[in-house]
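Architecture and fold: a report
One letter stands for each residue in the lines below.
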Amino acid sequence: MAVLSKQVAVPKSGFSPIPVIDMSEPESKHALVKACEDFGFFKVINHGISAELVSVLEHETVEFFSLPKSEKTLVAGYPFGYGNSNIGRNGDVGWVEYLLMNANLDSGSGPLFPSLLKSPGNFRNALEEYKTSVRKMTCDVLEMITDGLGIKPRNTLSKLVSDQNTDSILRLNHYPPCPLINKKTNGGKNVIGFGEHTDPQIISVLRSNNTSGLQINLTDGSWVAVPPDHSSFFFNVGDSLQVMTNGRFKSVRHRVLANGDKSRVSMIYFAGPSLTQRIAPLTCLMDNEDEMLYEEFTWSEYRNSAYNSRLSDNRLQQFERKTTHDNTLLND
Ligand code: OGA
Ligand code: NI
């Protein structure tokens, strides 16, 4: 069996044993559930997404970011469009530039690339094909998860992100080599590429080139480097899935550190539900004596509150419910 999800102590320094999920092996569903519980993070292999498609999209992405800044800023915008250094509108900055796009199936790529690129059609086509393939893989992963959890029907989770009108996003990030890191004065310090945060959606799917930088935060608070692997996809549980599993799955805190020598290019598909979707713990996952840990909210409410917060904020905190246990303590 090709499933690797080891429960071993993670060294404080060095690389962690990131769970690896083989999509061609149906029994991976158990390792998948365990990875979502223990880490909120896993790597997917044998995913069936064409290496050629991914490399064309990476090539077009690099072309885009190689344009002069004056041209890239022609497509600057909020929430969608080009951005540089500033992440969101609440003061977060990082050593990163990015292009953020709506990934609804029927959204097209909009008027984002008017006449900037040599071949805008290639970029557009690669984006469309990529969104379709990654969305399909995401649904397959969510169906394996529901199977692993023993929930019926199988599409309980995947249907949230498979409709035409779901609020999914595609983000292309470029982290240029950071000259500060090689300067003696700053040699030993971390330079933040993308500050620590959790992703608010259901689940996120990341693919990067072979430049390191991504780190995840373990439950003991330590940061572990994720060895890059350009042929695999990395999934992380989002806040909404943490809520739907009543805290059983962990929305993993992660960040990117800048690299002194090489540029990092990543593409992240954030699978989100429709704006009106209600997010609440699934009753089929709860035992009678379990208490709901979160107040119910709609995705639109949560998205707004995430847009209005800082990256590192614990955005779920305001939706946590006071449990009977808390009340007992208060009354003491
Ligand atoms: C993000 C993110 C990681 C990366 O955009 O939410 O976590 O490697 N990015 O760019
Ligand atoms: Ni993220």
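Preceding this section is the structure that the text describes.
This text gives an overview of the structure that appears in the document. All of these numbers come straight from a predicted model, not from anything done at the bench.

**A look at the packing of helix 2 (residues 51-66) against helix 4 (residues 120-149)**
Two elements in contact, helix 2 and helix 4, have axes separated by 9 Å at closest approach and are oriented at 135°. In terms of axis orientation, helix 2 runs oblique to helix 4. Considering the relative orientation of helix 2 and helix 4, their crossing is left-handed. Together, Leu53, Val54, Val56, Leu57, Glu60, Thr61 and Phe64 of helix 2 and Asn122, Phe123, Ala126, Leu127, Glu129, Tyr130 and Ser133 of helix 4 make up the contact between the two elements. Among the residues making up the contact of helix 2 with helix 4, the classes are represented as 9 nonpolar, 3 polar and 2 charged.

**Thoughts on the pairing of strand 5 (residues 169-175)**
Of all the 7 residues making up strand 5, 7 are buried; the element is thus mostly covered by neighbouring parts of the structure. Burial of the side chains of strand 5 extends over both faces: Ile169, Arg171, Asn173 and Tyr175 are buried on one face and Leu170, Leu172 and His174 on the other. As defined by bridge partners, strand 4 (residues 92-102) adjoins strand 5 across 6 bridges and the pair is classed as antiparallel. Note on strand 5: the bridge partner recorded for Glu97 is His174.

**Side note on the packing of aromatic side chains**
Centre distance and the angle of the planes are the two values used to describe a pair of aromatic rings. The full count for this structure, using the stated rule, is 10 aromatic pairs. A ring pair is formed by Phe64 and Phe123, whose centres lie 6.4 Å apart and whose planes are at 40°; its orientation type is tilted. Residue Phe64 is found in helix 2, and its partner Phe123 is found in helix 4; the two are separated by 59 residues along the sequence. Judged on exposure class, the residue Phe64 and its partner Phe123 are both buried. For the ring pair Phe297 and Tyr302, a centre distance of 4.9 Å and an interplane angle of 25° mean the geometry is stacked. Per residue, the accessibility class of Phe297 equals that of Tyr302, and both read buried. Counting every residue linked through ring pairs, the aromatic cluster contains Phe64, Phe65, Tyr82 and Phe123. The ring of Trp223 has Arg255 sitting right over it, with the charged end atom 4.1 Å from the ring centre.

**Examining the coordination of the nickel ion (ligand 2)**
Taken together, His197 (NE2), Asp199 (OD) and His254 (NE2) make up the full set of protein donors to the nickel ion (ligand 2), lying 2.1 to 2.3 Å away. Here the donor residues for the nickel ion (ligand 2) map to a single chain with the spacing H-x1-D-x54-H. Of this pair, Asp199 sits in the loop between strand 6 (192-197) and strand 7 (203-208) while His254 sits in strand 11 (residues 254-257), and the two are 55 residues apart along the sequence. A relative accessible area of 8% means that His254 is categorised as buried.

**Describing the site of ligand 1**
The environment of ligand 1 is formed by 13 residues, the closest being Asn173, Tyr175, His254, Arg264 and Ser266. Within the side chain of Tyr175, one N or O atom sits 2.6 Å away from an oxygen atom of ligand 1. Contact distances for ligand 1 include 3.0 Å between an oxygen atom and a side-chain N or O atom of His197. Relative to its unbound accessible surface of 290 Å², ligand 1 loses 97% to contact with the protein. At a threshold of 2 Å from the grid points, most atoms of ligand 1 map onto the largest pocket.

**Points about unusual backbone geometry**
With an omega dihedral of 0°, the bond running from Tyr78 to Pro79 counts as a cis peptide bond. For Pro79, the position within the fold is in the loop between helix 3 (69-72) and strand 3 (81-87). Cis geometry marks the peptide bond from Lys152 to Pro153, where omega comes out at -5°. Here Pro153 lies in the loop between helix 4 and helix 5 (158-162). The phi dihedral of Asn246 is positive, around 50°, even though this residue is not glycine. You can see Asn246 is positioned in the loop between helix 6 (239-244) and strand 11.

**Regarding the sheet that holds strand 9 (residues 223-225)**
Whether parallel or antiparallel, the strands of a sheet pair through hydrogen bonds between backbone atoms. Across the sheet, 4 strands lie side by side as 6-11-8-9; this open sheet has antiparallel pairing. Because the sheet does not close on itself, it has two edges, and the strands there are strand 6 and strand 9. Taking the axes of each pair of neighbouring strands and ignoring which way they run, one obtains an average angle of 25° across the sheet. Relative to strand 11, strand 6 runs antiparallel, the two sharing 3 bridges. Residue pairing in the sheet places Phe194 in a bridge with Val256 of strand 11.

Here is what the cut-offs are and how they apply
Residues numbered from 1 in each chain as written. Chains lettered and ligands numbered in written order. Predicted model: local features only at pLDDT ≥ 70, side-chain atom pairs only at ≥ 80, totals over all residues. Heavy atoms only, no water. Axes fitted to C-alpha atoms, helices over the stretch in contact; angles between N-to-C directions. Helix = DSSP H or I, 4+ residues; strand = E, 2+ residues; numbered from the N terminus. Parallel < 35°, antiparallel > 145°, perpendicular 65-115°, else oblique. Left-handed = near helix turned anticlockwise from the far one by under 90°. Contact = heavy atoms within 4.5 Å. Nonpolar A, V, L, I, M, F, W, Y, C, P; charged D, E, K, R; others polar. Buried < 20%, exposed > 50% of the residue type's maximum accessible area, 1.4 Å probe, protein only. Pairing = 2+ DSSP bridges. Phe/Tyr/Trp six-rings, centres within 6.5 Å; stacked < 30°, edge-to-face > 60°. Lys NZ or Arg CZ within 6 Å of the ring centre and 35° of its normal. Donors = N, O, S within 2.8 Å, 3.2 Å for Na, K, Ca; no water. Near = heavy atom within 4 Å. Polar contact = N/O pair within 3.5 Å; in protein donor to acceptor, adjacent residues only side chain to side chain. Areas by Shrake-Rupley, 256 points an atom, 1.4 Å probe, with all protein chains shown as cover. 1 Å grid on protein atoms, 1.4 Å probe; cavity = no way out; pocket = protein on both sides within 12 Å on 5 of 7 lines; lining within 4 Å. Sits in = over half its atoms within 2 Å of the grid points.

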